[in-house]
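Descriptive analysis of the structure
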Amino acid sequence: NAGVTQTPKFQVLKTGQSMTLQCAQDMNHNSMYWYRQDPGMGLRLIYYSASEGTTDKGEVPNGYNVSRLNKREFSLRLESAAPSQTSVYFCASKDRLFGGELFFGEGSRLTVL
Amino acid sequence: GQQLNQSPQSMFIQEGEDVSMNCTSSSIFNTWLWYKQDPGEGPVLLIALYKAGELTSNGRLTAQFGITRKDSFLNISASIPSDVGIYFCAGPPAGGNKLTFGTGTQLKVEL
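Everything in this summary refers to the structure shown in the same document. Computed from a predicted model, the values in this text were never measured in an experiment. Note that residues are indexed from 1 along each chain, following the sequence as it is written. The lettering of chains begins at A and the numbering of ligands begins at 1, in the order of writing. With pLDDT at 70 or above as the cut-off, local features in this predicted model cover only qualifying residues; side-chain atom pairs require 80 or more to be listed or tallied, and sums for whole chains, interfaces and linings still use all residues. Working from all heavy atoms in the structure, the side-chain values ignore hydrogens and water.

Examining the nonpolar core
Residues and elements named next belong to chain B.
- In plain words, nonpolar cores are sets of buried Ala, Val, Leu, Ile, Met, Phe, Trp, Tyr and Cys residues tied together by side-chain atoms within 4.5 Å. Burial status follows relative accessibility: with a 1.4 Å probe on protein chains alone, a residue under 20% of its type maximum counts as buried, one over 50% as exposed, and anything between as partly exposed. In this structure, Trp32, Trp34, Leu74 and Leu107 are the most contacted members of the largest nonpolar core, which totals 21 residues.
- Among the secondary structure elements, those contributing two or more residues to this core are strand S2 (10-14), strand S3 (19-25), strand S4 (32-37), strand S5 (44-49), strand S7 (61-65), strand S8 (71-76), strand S9 (85-91) and strand S11 (105-110).
- For leucine 107, the residues in contact, after removing those within four places along its chain, are Met11, Ile13, Val19, Ile76, Asp83, Val84, Gly85 and Tyr87. Numbering goes from the N terminus for both helices and strands, where a helix is a DSSP run of H or I of at least four residues and a strand is a run of E of at least two. Contacts are assigned to residue pairs with any non-hydrogen atoms lying within 4.5 Å of each other.

Below you can see the structure in the form of structure tokens.
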């Protein structure tokens, strides 16, 4: 059972480089989310997609862009990475916007030098 | 943004001990969720609470939805080594659809 799959699991970037984190879910869920996790801060929502074709900003969207490529896939792009974006990134999905259980991927650890 | 404060931030307990942790909010929540994150993994849902005063168990875990709707509690009885991890409370604030996560309680169990 794959669930939510994120790639890559680890990445090191230099300041100013760009990269895309990929996320795919095989549970036919409508809603998908990107969170970042920093020590002492819990998980903070970056962007979410309530359904295919829609995306909305979360709590900390600055410096990021997202694409809901189809129902399965939701990518997160850093156009010009900054050291403040060093974090662990989690993709998650659930079957509906209101209620329902949120399923998480294993995380992608990003370091920006 | 909305803040959920969890306490304690971390705890180091002996195997077999009972554990209590709580989560408080400045605003009302209609749903409280408790997640556990194992090292190197994403969080996994443990318990969901939907009504003020509700008490729900999942094995050795028991969680309560506070009467004021601004807090929730999680208890773990007879802790074992695999209870190690970070425990997060979460919920959508009343009228909202996005989950807010607490700052986490890190549990370490001494054999």
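Let's talk about the layout of surface pockets
- Points on a 1 Å grid over protein atoms alone make up a cavity when a 1.4 Å probe fits among them but cannot get out, and a pocket when they form an open set with protein on both sides within 12 Å along at least five of seven lines; lining residues each have an atom within 4 Å of a point. Grid points are joined across faces, edges and corners, and a volume is the space filled by probe spheres set on the points. Estimates place the volume of the largest pocket at around 650 Å³.
- Considering the residues around the largest pocket, the lining is formed by 34 residues, among which Gln37, Val88 and Arg109 of chain A together with Gln37 and Ile86 of chain B are closest to the centre.
- Going through the elements one at a time, strand S4 (31-38), strand S9 (87-94) and strand S11 (108-112) of chain A together with S9 and S11 of chain B are the ones with two or more residues in the lining of the largest pocket.
- In this count, Pro and Cys sit with the nonpolar residues alongside Ala, Val, Leu, Ile, Met, Phe, Trp and Tyr, while Asp, Glu, Lys and Arg are called charged and the others, Gly among them, polar. Across the lining of the largest pocket, the residue classes tally to ten nonpolar, 17 polar and seven charged.

Examining the state of the cysteines
Residues and elements named next belong to chain A.
- Any cysteine sulfur atom paired with another within 2.5 Å is treated as part of a disulfide. Under the criterion given, the structure shown has two disulfides over all chains.
- At a sulfur-sulfur separation of 1.9 Å, the disulfide partner of cysteine 23 is cysteine 91. Of note, the bridge from cysteine 23 to cysteine 91 carries an S-S torsion of about -75° and is left-handed in sense. Taken together, the positions of cysteine 23 in strand S3 (residues 19-25) and cysteine 91 in strand S9 put the pair 68 residues apart, joining distant regions of the chain.

A closer look at the packing of aromatic side chains
- Ring pairs are drawn from Phe, Tyr and Trp, using the six-membered ring of Trp, whenever the two centres fall within 6.5 Å, and their geometry is named by plane angle: stacked under 30 degrees, edge-to-face over 60, tilted for the rest. All told, the structure shown has eleven aromatic pairs over all chains when counted by the stated rule.
- Centroid distance phenylalanine 29 of chain B to tryptophan 32 of chain B: 4.7 Å. Interplanar angle 20°. Geometry classified as stacked.
- On the basis of relative accessibility, which here comes to 0%, the residue tryptophan 32 of chain B falls in the buried class.
- One aromatic cluster is present, built from ring pairs that chain together Tyr33, Tyr35, Tyr48, Phe90 and Phe104 of chain A together with Tyr35, Phe88 and Phe101 of chain B.

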